Amino acid sequence: MSYDIKKVEAKWQEFWEKEGVYHFDFNSDKPVYSIDNPPRYASGRLHIGHAVHYTHIDFIARYRRMRGYNVFFPLCFDVNGMPIEVNVEKKYGIRMRETDRHEFVKLCEEFAGANIGEMTRQYRILGESMDPTIYYQTDAPYYRRITQMTFVEMFNKGLVYKAEHPVNWCPRCGTAIADAEIEYAERKTYLNYVRFRVKETGEDLIIATTRPELLCTCQLVAVHPEDERYAALVGKTAVVPIYGQEVKIVADEAVDPEFGTGAVMICSVGDKGDLEWIYKYGLKFIKGIDEEGRMTEIAGKYAGMTVEEAKRAIVEDLEREGLLIKREEIEQTVGTCWRCHTPIEFIQKEQWFIRIMDLKDEVRRAADEIRWFPEFMKKRLEDWIDSLQWDWVVSRQRYFATPIPVWECAECGHVVVPSIEQLKAMDGHVDPTVDPPPVPSCPKCGGGLKGCEDVFDTWVDSSISPLYNTFWMRDDEKFRWLYPMSLRPQAHDIIRTWAFYTILRCKAITGEIPWRDIFIDGFILGPDGRPMHASWGNVVDPLEIIDKYGADPFRYFATQCTLGEDTAFRYKDVVRGQRLVTKIWNIGRFVGGVIDARMEIKPEKLRLADRWILSKYARVLKEVTELLDGYRYDRAVKILENFLWREFADHYIEMVKHRAAHDEGAKMTLYTVALGLIKCFAPFLPHVTEEVYQSFFREHEGAKSIHISEWPSLEFADREAERLGEEVKEVIAAIRRWKAEKGIALNAPIGTVRIATSMPEAIEGGLDDIKGTVHAESVEIIEAREIEERVVEYRPNFSVAGPALRGSMRKLVEFLESTPPDEVERALEEGFAIDGVAVTREMLVPVRRKTYRGMEMEALETEHSLILIG
Ligand SMILES: [Zn+2]
Ligand SMILES: [Zn+2]
């Protein structure tokens, strides 16, 4: 029976689904282990990072199920926002703003729906144990309704406000984006040295800037107070070239005298740094760039140009008029849109904000209450909290996302939100672009109400997943039962978004932490150790790997990743996984062929070798269980693998093969250890372990699937057996190694084996197993003093004799071959020469042999025993 991995895997995937093996039971009284599974973003198929990451989460879900928990592990998808919109624009060759809003949303839903179907299929192929009966997707009306309720709750708590405020703005996507969504990139740009004029003295003041197109918004020139070059200019007035506006020259510590000429122009608003100047010096907000990334009216002749066009044009003009002194190419870090990589602008816009600056300490305290795996990842959250300078812009000027449930009075600006009760009574969510407001007119002034057209940042949806999962506002009893959740698994790149916003919002709304544990996973890099990138040709498709090797070998690679660390993909790990799968199947087949009933350990039936392996196995179980409780699956698998190959298969099974068919002690030991090991491997290699379980153990054990069978445990500690058994193992291993070296078949009979040992209890206890395993005629324990050692032969030491004797080596070889060793010894004592060169002891190597009662024997050694075969 060979193991057809593809057939087997497909068979069990179907079985698990049909039998509802992963079903979360709302009526169970088992303890709950709930996983705040990351809803997979529905913009495309799974790449290898996702495949490995979800497999890591699956390890924990499967382990906890076997530990007797009622495991809550939902199948879920994140289906809002820009990446889907951008994909739809690409797919249909359309622009969102030129398409009917509701038409466009429909295309997004279709696109996401197709991806969800494909990703669900991929999860199945990977062997992930998510439960489809607690399915959700974040764009569904039932989910968006909860998102809106959380917003209303925060609104009612005074944690939401609308303000005109400079925001990060992507001109390409036409929307505000959060700080956390900015990616930084190194770019080459030019530093332009531009001639300003000092009004009072008429002298030149050269200012270096990378953004000459913003001259129109220049409001201030600053120098460092200790910069002697400019001391005389402080307090005077600078005249801006091209536009001619007059601005003050001030001294400020914040200026870096090393940058450019040491004098800088302050604009509103080129970047976030400018904002501080604006507040400090009470400057006006002047909007030089609009929402589409084009220059506004105040740019004069450059109005309507894109930023890049305006930059080129103004540089040409400056040059023509002799106002450009020089240009230097420099490296600059620019913030870009995470989605389309367009450099972001900083513009004035009315936006909705959630007050996060006020909640920083609360989030910090909550993070301390949560257990972090690995612990050091908490620092990343703390650093992020420390670096925060602004509240969270939650409004987006897009279509495919949860509508912001507010109406505003056209007369007085008063804001109306639906009540929680109104939202509770609805089937789905409200859409202020189509639904009527909750009250017919403004309660303050009677004015007309206008629905908000903005939608939420997608993190507003995904940061309430623990509330959705635990039935917040839907079922109070379930909420009290299920909240907080047990575990949030997630990747390290979204600590500052998903983890941060979730802790913040759940804490603000419920007063409690969202989960007890959080585990932070690393990335999977290409086989060359670089991030996978199509243009580098190092992208690995998980489905191709599975198609070629099977899901279990792929999952084995996932066991080799340490939580929190980035790991390069290694094909050789998949191949190792394949070998392990075969080994497990072979062990299962062997043990399955021996056992015939459910067996429990009866100590009185056990021999030394049985007690040895059982005691070691009990220790492995304890260690592995503790590691898995702390999410250290990588170390757990290493220990299991080592035990399975090096102790159980290589030694114990070999030691008891000769008695396995008829000896009860061997049978009960094989049953216990083999079943326990396949159970321990079940979370990692769910298919082969199920195949072994169903083929050989289910009829005796009864559980419908190994994945809902009980996690193994064994109280069995016998330190003495462990110590003695090691020696039996070493003796057998030495004899088997010797057979292999001599080219003797392992099952070929050998004569009497005589063992002189400092551990006679070990050899006595293992006598039968040694004899049976090495196929010896008999095994005897002898006294060490009965063994003698003598020189049976001398051989030339070529490295010494060769150079000394030069051409006469042949004569030495002939002499040694024809002379008995005792005569050689005598010759050495008396002194002799070959072709005039004296032969010394260093030129010869004595070959010693052990003898027992005058018989010459093959002698093998272990640390504690001397083994004679002959
Ligand atoms: Zn963009
Ligand atoms: Zn009003």
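Structure: above.
Residues numbered from 1 in each chain as written. Chains lettered and ligands numbered in written order. Predicted model: local features only at pLDDT ≥ 70, side-chain atom pairs only at ≥ 80, totals over all residues. Heavy atoms only, no water.

**A closer look at the coordination of the zinc ion (ligand 1)**
Note the cut-off: Water is absent from the atoms considered, so a metal site may look incomplete; donors are defined as N, O and S atoms within 2.8 Å of the metal, or 3.2 Å for Na, K and Ca. By the criteria applied here, four donors are tetrahedral when all angles lie between 85 and 135 degrees, four are square planar and six octahedral when opposite donors are over 155 degrees apart and every other angle lies between 65 and 115, and any other arrangement is irregular. A run of DSSP states H or I qualifies as a helix once it reaches four residues; a run of E qualifies as a strand once it reaches two. Both are numbered from the N-terminal end.
Around the zinc ion (ligand 1), the protein contributes the donor atoms Cys170 (SG), Cys173 (SG), Cys337 (SG) and Cys340 (SG), at 2.2 to 2.4 Å from the metal centre. Angles of 103 to 117° at the metal separate the 4 donor atoms of the zinc ion (ligand 1), which places the site in the tetrahedral class. Of note, the zinc ion (ligand 1) draws all its donor residues from one chain, in the sequence arrangement C-x2-C-x163-C-x2-C. Taken together, the positions of Cys170 in strand β6 (residues 160-170) and Cys337 in strand β14 (residues 324-337) put the pair 167 residues apart, joining distant regions of the chain.

**Some remarks on the coordination of the zinc ion (ligand 2)**
What counts, and what does not: Categorising residues by exposure relies on relative accessible area from a 1.4 Å probe, with only protein chains included: less than 20% of the type maximum marks a residue as buried, more than 50% marks it as exposed, and the intermediate range marks it as partly exposed.
Around the zinc ion (ligand 2), the donor atoms from the protein are Cys409 (SG), Cys412 (SG), Cys442 (SG) and Cys445 (SG), and they sit 2.2 to 2.3 Å away. On the accessibility criterion, Cys412 (42% relative accessible area) is partly exposed. Note on Cys445: relative accessible area 43%, which makes it partly exposed.

**Some details on the sheet that holds strand β4 (residues 74-78)**
How we decide: Any two strands with at least two DSSP-identified bridges between them are counted as paired. By definition, residues are in contact when any of their heavy atoms lie within 4.5 Å. Axis definition: a line fitted to C-alpha atoms, over the contacting stretch in the case of helices. Angles run 0 to 180 degrees between N-to-C directions.
If you walk across this open sheet you meet the 3 strands as β2-β4-β5, and the pairing is parallel. Both edges of this open sheet fall to β2 (40-41) and β5 (131-137), since each of them pairs with a single strand only. Where β2 and β4 come together, 2 bridges link them in parallel fashion. Bridge assignment links Arg40 to a residue of β4, and that residue is Phe77. Set on the sheet, helix α4 (residues 101-126) makes contact with β2, β4 and β5; between it and β4 the angle comes to about 145°.

**A closer look at unusual backbone geometry**
Each neighbour pair has its own omega, and for Phe373 with Pro374 the value is -10°, a cis peptide bond. Within the secondary structure layout, Pro374 lies in the loop between β16 (371-373) and α9 (377-387). Here the residue pair Tyr483 and Pro484 is connected by a cis peptide bond, since its omega of -5° sits within 30 degrees of zero. Positionally, Pro484 belongs in the loop between α13 (476-482) and β23 (485-491). Its identity as a non-glycine residue notwithstanding, Met473 has a phi of 65°, on the positive side. By the element assignment, Met473 lies in the loop between α12 (465-469) and α13.

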